[in-house]
Amino acid sequence: MKSNNSPIKEVIIIGAGAAGLMCAIEAAKRGRSVLVLEHNSAVGKKIRISGGGRCNFTNIHTKPDNYLSLNEHFAKSALARFTPEDFVAIINKYKIPYHEKKLGQLFCDESSQNIIDLLKKECGLYKAQILLECRVTEITKNKFFHLTTTQGEFQCESLVIATGGLSIPTLGVTDLGYKVAEQFDIKINPCRPGLVPLTFKEKDVQIFKELSGVALDTIVSFGKISFRENTLFTHKGLSGPAVLQISSYWEPRKPIHINFVPEKDMASVLKSHQAEKITLRNFLKDYLPSRLTEILCLRFFENKPLHDYSLERLEKIGKELNGWEFIPQGTEGYAKAEVTVGGIDTNELSSKTMESKRVPGLYFIGEIVDVTGHLGGFNFQWAWGSGFAAGQYA
Ligand SMILES: Cc1cc2nc3c(=O)[nH]c(=O)nc-3n(C[C@H](O)[C@H](O)[C@H](O)COP(=O)(O)OP(=O)(O)OC[C@H]3O[C@@H](n4cnc5c(N)ncnc54)[C@H](O)[C@@H]3O)c2cc1C
C-alpha cells in the first residue's frame, strides 16, 4: 500500500528540459502548486549543448509544415497559441542578446546558459519548485497520481511527462515517458533517430571517404521532400544541414538524391559545350569543389576532352550531377541524432491541452510526442508551444 500522507502537489512535471520548464512556469503563473522532478544534477542539459552552445531557441518562420507527425494537423493549435514572437518577448524581458543567423533561426549572442537562466528565473518568480537528482521509479493512479522516487513519495492531481526523446544517451536520457505511456495503454508510434548524419555503404566509403570535410550547396531529396542547404561529406557518410533534414524523412534501403549543382541544368550545360576540347574535369571545376570533381571523374565519368563524349553520355553525366543517387547504409543513430522522430501518438492527446484522452490528468509535452521539427529552432518552438499549452490546463 502507498502512504497517503506524501505531499500533494497540484502539478508534477517529470523532466526539467525546455518543455517541462515552460509548462512549470505557465502552470505556476495560474497559481497552481508545481513541482518539477529532474533526475540529472542540473536542468536543461540539452538546452546547454544546443545550437553549438548558443541555442537556436526559435525560428521566426515557424509553420506547421516545419514538423513531421503522423497527424500533420496536431501541432497547429499549440503553435498558434504560443508563437516565436511570444518567446522573443520573454528573451527581451531578460535583455538576452540574440541574432538571426540565417533562415529565421534565432541564436543567443553569448551562450545557451542565458536561456537556462531565464527559465530558472521565471520558475523562481512564479514559485515553481525544481527538485534535482530525483529519479521516478514507479507511478500509480487512483484519485491522485502517486510517484515513488529516489527522494521519497509524491502525489499530484496533474502529471506532465516532459522526459524528451532518446537522442544523446550520455545526457541522461531515459525511456520513462514511453514506459508511462505503455503502462496506461497509450499508443506510441515507432521511434527513430532524426536530424542525424547518414552513413555510406562500404563501397561508397571506399570511394568518397577522401572527400571528408568537403561541403557544398545542394538540394537533397527523398521522394517528394527536398531541402536546399549544404551537404557535408564525412569519413563515414553525409552530414550538413540538408542531409540532417532529409534524415528525418529517410526510410531504410531507399535512395536519397543529391543535386550537386542546384542552379544549373547540367545536362544542357554539358551538351552545349560538347564541341570543346577542355577536359571534363577542368570543365566541371567551375561548378563543383575540385576534390569532388576529381573523384567523380576518376571513378565514374572518366576524364576526356568534352568532344570525346557522346551527347547521350553528357546528358547522363549531367543528370547524375543534378540527382546523384545514394542508398545510405543507415544513420549514425541516437548517439549523433538531434531528435527522436515518432513518439506518443497524437491521436491519444488533446491538441488544445496535451492531456491524454484516455487518462484524465496525464499530459505529454515536448519531444516525447510524435511531433518532430525541422532543423533550425523548430524543435524548441514545439517544446515551448506544447509546454505553454499544457501549462494553461494542468
Ligand atoms: C546536440 C543537440 C543540439 C540541438 N540543438 C537544437 C537547437 O539549436 N534548436 C532546436 O530547436 N532544437 C535543438 N535540439 C533539439 C532540442 O534540444 C530538443 O528537441 C528539446 O530539448 C526537447 O525538449 P524537451 O523538454 O521535450 O526534452 P529535453 O530538453 O530532452 O528534456 C527532458 C528532460 O527530462 C529529463 N528526464 C528524462 N528522463 C527522466 C526521468 N526518468 N526522471 C526525471 N527526469 C528525466 C532529462 O534529464 C531532461 O532534463 C538539439 C538537440 C541536440 C541533441
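Criteria and thresholds
Residues numbered from 1 in each chain as written. Predicted model: local features only at pLDDT ≥ 70, side-chain atom pairs only at ≥ 80, totals over all residues. Heavy atoms only, no water. Helix = DSSP H or I, 4+ residues; strand = E, 2+ residues; numbered from the N terminus. Expected span 1.5 Å × (residues − 1). Buried < 20%, exposed > 50% of the residue type's maximum accessible area, 1.4 Å probe, protein only. Pairing = 2+ DSSP bridges. Axes fitted to C-alpha atoms, helices over the stretch in contact; angles between N-to-C directions. Contact = heavy atoms within 4.5 Å. Lys, Arg positive; Asp, Glu negative; His and termini not counted. Salt bridge = Lys/Arg side-chain N within 4 Å of Asp/Glu carboxyl O. Polar contact = N/O pair within 3.5 Å; in protein donor to acceptor, adjacent residues only side chain to side chain. 1 Å grid on protein atoms, 1.4 Å probe; cavity = no way out; pocket = protein on both sides within 12 Å on 5 of 7 lines; lining within 4 Å. Points joined across faces, edges and corners; volume = space filled by probe spheres on them. Near = heavy atom within 4 Å. Areas by Shrake-Rupley, 256 points an atom, 1.4 Å probe, with all protein chains shown as cover. Domains from an automatic or database assignment. Buried area = accessible area lost by both parts, 1.4 Å probe.

1. Description of helix H1 (residues 18-29)
Residues separated by three or four positions in an α-helix point in the same direction, a consequence of the helix having 3.6 residues per turn.
Then, number 1: Over its 12 residues, H1 extends 17 Å from the first C-alpha to the last, a length consistent with the 16 Å expected when each residue adds 1.5 Å.
Then, number 2: Burial within H1 is extensive, with 11 of its 12 residues counted as buried.
Then, number 3: Within the span of H1, buried status applies to Ala18, Ala19, Gly20, Leu21, Met22, Cys23, Ala24, Ile25, Glu26, Ala27 and Ala28.
Then, number 4: Downstream of H1 by a residue or two, Gly31 has a phi angle that is positive, lying close to 90°.

2. Let's talk about the sheet that holds strand E6 (residues 105-108)
Paired through their backbone hydrogen bonds, the strands of a sheet run either parallel or antiparallel.
Then, number 1: Taken together, 3 strands build an open sheet; the order of strands is E3-E6-E5 and the sheet is antiparallel. The sheet terminates laterally at strand E3 (56-59) and strand E5 (98-100), the two strands that pair on one side only. Each strand of the sheet is rotated relative to its neighbour by a mean of 25°, with strand direction disregarded.
Then, number 2: With 3 bridges joining them, E3 and E6 adopt antiparallel strand pairing. The residue bridging Asn59 from the neighbouring strand is Gln105, located in E6.
Then, number 3: Relative to E3, helix H4 (residues 84-93) is tilted by about 140°, and along the sheet it contacts E3, E5 and E6.

3. Structural notes on the side chain of Asp370
Then, number 1: Along the chain, Asp370 turns up in the loop between strand E20 (362-364) and strand E21 (372-373).
Then, number 2: Buried Asp370, no salt bridge; nearest opposite-charge side chain is Arg192, N-O distance 7.4 Å.
Then, number 3: At a separation of 3.2 Å, a polar atom in the side chain of Asp370 contacts the main-chain amide nitrogen of Leu70.
Then, number 4: Among the polar contacts made by the side chain of Asp370, one reaches the side chain of Asn189 at a distance of 2.9 Å.
Then, number 5: With near-sequence residues (within four places) excluded, Asp370 lies in contact with Leu68, Ser69, Leu70, Asn189, Gly342, Gly343, Ile344 and Thr346.

4. Brief notes about empty space enclosed by the protein
Then, number 1: Across all of its chains, the model carries 1 cavity of 30 Å³ or more by this definition.
Then, number 2: Taken as a whole, the largest cavity encloses approximately 50 Å³ of empty space.
Then, number 3: As for the largest cavity, its lining consists of Pro64, Tyr67, Ser69, Asn71, Glu72, Phe74, Ala75 and Val371.

5. Brief notes about the site of the ligand
Then, number 1: In the vicinity of the ligand there are 31 residues, among which Ala19, Glu38, Thr174, Glu367 and Phe380 approach most closely.
Then, number 2: Here Ala18 contributes a backbone N or O atom positioned 3.1 Å from an oxygen atom of the ligand.
Then, number 3: At 2.9 Å, a backbone N or O of Asn56 approaches a nitrogen atom of the ligand.
Then, number 4: When the free accessible area of the ligand is taken as 990 Å², the share hidden by the protein chains comes to 93%.
Then, number 5: Going through the elements one at a time, H1, helix H2 (45-49) and helix H13 (378-391) are the ones with two or more residues in the shell around the ligand.

6. Section: the domain arrangement of the chain
Then, number 1: Under the domain assignment, the chain is made up of domain 1 (8-192 + 341-391) and domain 2 (198-331).
Then, number 2: On a C-alpha basis, the centroid separation for the pair domain 1 and domain 2 is 39 Å.
Then, number 3: With 7 residues of domain 1 at the interface, the matching set in domain 2 holds 8 residues.
Then, number 4: In total, domain 1 and domain 2 occlude about 670 Å² of area from one another, counting both sides; carbon and sulfur atoms represent 51% of this.
Then, number 5: The largest share of the area that domain 1 buries against domain 2 comes from Leu68, His374 and Leu375, three residues that together contribute 59% of it.
Then, number 6: At the boundary of domain 1 and domain 2, one finds 1 salt bridge.
Then, number 7: Across the salt bridge formed by Lys102 and Glu229, the nearest N and O atoms sit 2.9 Å from each other.

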